[in-house]
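# Structure assessment
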Amino acid sequence: MNRVVGIRIISLEEVDSTNEYAKTIAPDVPEGTVVVAKRQTAGRGRKGRSWASPEGGIWMSVVLKPPRIDPRLVFVGALAVVDTLADFGISGWIKWPNDVWAGGRKISGVLTEGRGDEYAILGIGLNVNNPIPEELRGNAVSMMELIGSKVPLEKVIERLLFHLDGWYRVFLERPELMMAKVREKTFIIGMTVRILEDNTAVTGRVLDVLDDGSLLMFVGGQLRRILYGDVSLKFL
Ligand code: BT5
């Protein structure tokens, strides 16, 4: 089967946000086109939060055109990051819905955005050799920090593209298999967490990640399904 992710790569020195750039070119480029930048001046997280993107990390967006836009696309990014980390001896875990953690801190974030059924942008930020800003140090970590030496960035990009391509294929053909892997790699299962859903806080124990990507929780003696809109999750 032909490769999809990475068939075309646009490398930039600096950009506001690779997701923004990818959105402007999305209608005119083939599926699988990748935008990668050395630095972002206005890297974004969800809900307009900012994403620190100094030189040395991977700031990348992939233009995808699946038959149907499905919010589970976020897991293609998260699993590809987990597998990429494993290639370098780092054990990474998914903090549902869109973070990857390693060594107890956040090493990567995924931001999916779409336009109807026309296209989806899968944005991935991965701390590799970049410095972590002072204010994030307690919660964020880089591959370099975990390994103890600089990591070849090109090699990490190459592995990430390889795994993105693989997981995108599984997502298209056997999404339930992808979700089985997500379940295996989600470290919050069994933990008590607090979730902020549309400004309403819900506290409970996480039981499972369901096949549709939602979180099954035990809240106040009842089962609750949390859809992964713009929720933020805190440990208790
Ligand atoms: C995310 O948002 O985790 C998604 C981040 C996606 C970034 C990529 S980079 C390529 C593409 N282009 C973009 O403009 N964005 C995507 P969220 O769950 O909202 O988390 C944001 C929070 O993570 C911030 O409020 C900080 O607390 C924290 N954070 C910011 N920069 C970080 C970093 N480099 N490493 C770890 N944590 C960070």
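Structure first, text after, so check above.
First things first, this report covers the structure right here in the doc. Owing to the predicted nature of the structure, the values given are computational and were not obtained by experimental measurement. (Residues numbered from 1 in each chain as written. Predicted model: local features only at pLDDT ≥ 70, side-chain atom pairs only at ≥ 80, totals over all residues. Heavy atoms only, no water.)

## Focus on the pairing of strand S6 (residues 105-115)
Examined bridge by bridge, strand S5 (residues 99-102) and S6 share four bridges and lie antiparallel to one another. Bridge pairing in S6 links Ala102 to Arg105. Taking the residues between adjacent antiparallel strands as the criterion, S5 and S6 are bridged by two residues, where Gly103 takes a positive phi near 55°. As paired strands, S6 and strand S7 (residues 119-126) are joined by eight bridges and run antiparallel to one another. Note on S7: the bridge partner recorded for Leu111 is Gly123. Between the antiparallel neighbours S6 and S7 lie three residues, among them Gly116 with a positive phi of about 50°. (Pairing = 2+ DSSP bridges. Helix = DSSP H or I, 4+ residues; strand = E, 2+ residues; numbered from the N terminus.)

## Let's talk about the site of the ligand
Looking at the ligand, there are 25 residues lining it, with Ser17, Arg44, Arg46, Arg49 and Lys106 nearest. Arg49 has a polar side-chain atom sitting 2.7 Å from an oxygen atom of the ligand. Within the side chain of Lys106, one N or O atom sits 2.8 Å away from an oxygen atom of the ligand. In isolation the ligand offers 800 Å² of accessible surface; the protein chains occlude 90% of this area. For the shell around the ligand, the elements supplying multiple residues, two or more each, are helix H1 (18-25), strand S3 (58-64), S6 and S7. The greatest single-element share of the shell around the ligand, amounting to four residues, is contributed by S6. In the shell around the ligand, the residues fall into eight nonpolar, twelve polar and five charged. (Near = heavy atom within 4 Å. Polar contact = N/O pair within 3.5 Å; in protein donor to acceptor, adjacent residues only side chain to side chain. Areas by Shrake-Rupley, 256 points an atom, 1.4 Å probe, with all protein chains shown as cover. Nonpolar A, V, L, I, M, F, W, Y, C, P; charged D, E, K, R; others polar.)

## A closer look at the pattern of salt bridges
Under the counting rule described, the total for this entry stands at 20 salt bridges. As a salt-bridge pair, Glu145 and Arg105 come within 3.2 Å of each other at their nearest N and O atoms. On the criterion of sequence distance, the pair formed by Glu145 in helix H3 (residues 143-147) and Arg105 in strand S6 is long-range, its members being 40 residues apart. On the basis of relative accessible area, Glu145 is assigned to the partly exposed category, the value being 42%. Looking at Arg105, the relative accessible area reads 21%, which means it is partly exposed. Arg137 is the salt-bridge partner of Glu134, the closest N and O atoms lying 3.5 Å from each other. Since its relative accessible area comes to 60%, Glu134 is described here as exposed. (Salt bridge = Lys/Arg side-chain N within 4 Å of Asp/Glu carboxyl O. Buried < 20%, exposed > 50% of the residue type's maximum accessible area, 1.4 Å probe, protein only.)

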